[in-house]
Amino acid sequence: MVHRSAMSAFRPGAVWSGVSECARGESGRRVGKVLLGAALLGIGLKVYGRYRRYQRRQRWNQAGKDVVVLHQFERATNFPNLSPFALKLETFLRMAGIKYVVDTEEPQGSRNKCPWITFNGQELSDSELIIDFLTQHFGKPLKEKLTPAEHAVGRAVQVMLDEHTIMAVAYKRYVLDGWSYIMGRFPKKYRLMLRLMMPINFPKIKHLFYTVGIGRFSEEETMFFLRRELRALEDVLGDKPFLLDSTPTTYDAAAFAELTQVIYGCAPEVERYVRANYDALVQYHERMKDKYWPDWEQCRAE
Ligand SMILES: N[C@@H](CCC(=O)N[C@@H](CS)C(=O)NCC(=O)O)C(=O)O
């Protein structure tokens with residue numbers, strides 16, 4: 001409760017005149033100059049940032065007709081990309097024989113998500129929407145011969161992997177293991193900054209997983225989900241060389257990208273477990289890797 005006499009002592013006019021008197025003094029003028037300098041610096045940096053952004057777009061728009069500029073994170077230290085969505089898209093571009101160049105200066109686009117593309121002057125985001133757009137644009141370059149039921153299985157598998165399996169992988173990477181394994185998969189130059197930001201970012205990340213739902217489960221339960229989904233993937237694969245057919249389809253891009261995260265980007269014990277228990281998936285991953293990533297060893301960061 002505020003005392004009546006204290007309330008009456010507070011006069012906004014008196015405070016304002018005090019402030020303006022202080023501003024007219026020597027120290028007030030100095031503070032004013034510092035504030036003005038900071039504001040001008042802020043405006044200058046913003047204008048410069050806009051200019052650099054404009055310059056980058058000019059450069060990307062000159063990539064050439066029908067050449068995709070793929071904006072994504074830099075390579076991981078032991079596989080091409082820590083983002084399964086970026087790896088899916090890059091794998092699809094290779095599968096479809098679409099020309100592309102990689103940009104890592106602006107990995108997150110207007111939706112603040114990685115990946116996104118610049119294509120013939122247009123900006124597009126979301127790996128699924130991009131794959132659909134490019135499939136139409138290039139007249140179905142993969143020549144899939146799938147029935148509607150097979151497409152439905154492919155879509156269900158892709159959504160399982162992209163929306164659920166990856167949550168288990170990411171929860172293990174960033175929360176259950178407290179970054180202990182994944183830190184070394186990031187390019188060296190980012191590690192110090194990531195470590196410094198940890199006290200701020202870790203609680204946020206933990207909260208995010210809790211909100212999504214997976215963050216409410218124990219490690220044992222999370223690994224149960226992961227194992228069950230890998231078994232489902234292996235059952236869909238059966239003894240076929242590719243997920244749904246004897247030749248690869250769009251869905252193989254997602255399956256390959258997510259399996260990469262499970263094998264190479266989750267945890268050493270998960271990799272060992274997968275290699276020991278899911279031979280068909282490991283062979284499948286190798287097949288895709290040999291076919292579309294002959295430069296796998298070169299696609300690694302320091
Ligand atoms: N549905 C999107 C998902 C993209 C996505 O979530 N990318 C992550 C990286 S793996 C990202 O950019 N996260 C940053 C954020 O959410 O702020 C797609 O398929 O492209």
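All values derive from a computational prediction rather than experimental measurement.

### Side note on the overall build of the protein
Helix and strand content of the protein: 11 helices and four strands. Taken over C-alpha atoms, the radius of gyration comes to 26 Å for the protein, far larger than the 19 Å a tight globule of 302 residues would show.

### Some remarks on helix 8 (residues 219–237)
For helix 8, with 19 residues, the first-to-last C-alpha span of 27 Å sits near the 27 Å given by 1.5 Å per residue. Buried positions along helix 8 lie against helix 6 (148–176), helix 9 (250–264), helix 10 (268–277) and helix 11 (279–292).

### Focus: the environment of asparagine 78
Examined against the element boundaries, asparagine 78 turns out to sit in the loop between strand 1 (68–71) and helix 4 (84–96). Separated by 220 residues in the primary sequence, asparagine 78 and glutamine 298 have C-alpha atoms spaced 9.7 Å apart. Excluding its chain neighbours within four sequence positions, the residues that come into contact with asparagine 78 are Arg185, Tyr264 and Arg300.

### Topic: unusual backbone geometry
Looking along the chain, the bond that leaves cysteine 114 and enters proline 115 is cis, with omega of 10 degrees. One non-glycine residue, asparagine 120, lies in the positive phi region at around 50 degrees. Relative to the helices and strands, asparagine 120 resides in the loop between strand 3 (116–119) and strand 4 (122–125). Unusually for a residue other than glycine, lysine 140 sits at a positive phi of about 50 degrees. Relative to the assigned elements, lysine 140 resides in the loop between helix 5 (127–137) and helix 6. Lysine 140 sits in the exposed class, given 11 other C-beta atoms within 10 Å.

### Quick look at the nonpolar core
Membership of the largest hydrophobic core comes to 46 residues, with the highest contact counts inside it found for Leu89, Ile117, Leu230, Ala255, Val262 and Leu281. With eight residues, helix 9 is the largest single contributor of residues to this core. Domain assignment of the residues forming this core places at least three in each of domain 1 (61–137) and domain 2 (148–298). Among all residues touching leucine 230, those that are not within four sequence positions of it are Val262, Val274, Tyr278 and Leu281.

### Section: the domain arrangement of the protein
Splitting the protein by domain gives domain 1 (61–137) and domain 2 (148–298). Relative to domain 2, the C-alpha centre of domain 1 lies at a distance of 19 Å. With 15 residues of domain 1 at the interface, the matching set in domain 2 holds 18 residues. The biggest single contributor to the side of domain 1 that touches domain 2 is helix 4, with seven residues. Here the residues of the side of domain 1 that touches domain 2 sort into nine nonpolar, three polar and three charged.

### A closer look at the sheet that holds strand 2 (residues 100–103)
What the four strands build is an open sheet, ordered 2-1-3-4; its pairing is mixed. Here the strands that pair on one side only, and so sit at the sheet edges, are strand 2 and strand 4. Between one strand and the next, the sheet's axes are offset by a mean angle of 25 degrees, whatever the strand orientation. Across four bridges, strand 1 lies against strand 2 in parallel orientation. Each residue of the ladder has a partner; that of histidine 71, found in strand 2, is aspartate 103.

Conventions we followed
- Residues numbered from 1 in each chain as written.
- Predicted model: local features only at pLDDT ≥ 70, side-chain atom pairs only at ≥ 80, totals over all residues.
- Helix = DSSP H or I, 4+ residues; strand = E, 2+ residues; numbered from the N terminus.
- Rg over C-alpha atoms; globule rule 2.2 N^0.38 Å.
- Expected span 1.5 Å × (residues − 1).
- Contact = placed C-beta atoms within 7 Å.
- Buried ≥ 20, exposed ≤ 12 C-beta atoms within 10 Å, placed from the backbone.
- Core = buried A, V, L, I, M, F, W, Y, C linked by C-beta atoms within 7 Å.
- Domains from an automatic or database assignment.
- Nonpolar A, V, L, I, M, F, W, Y, C, P; charged D, E, K, R; others polar.
- Pairing = 2+ DSSP bridges.
- Axes fitted to C-alpha atoms, helices over the stretch in contact; angles between N-to-C directions.

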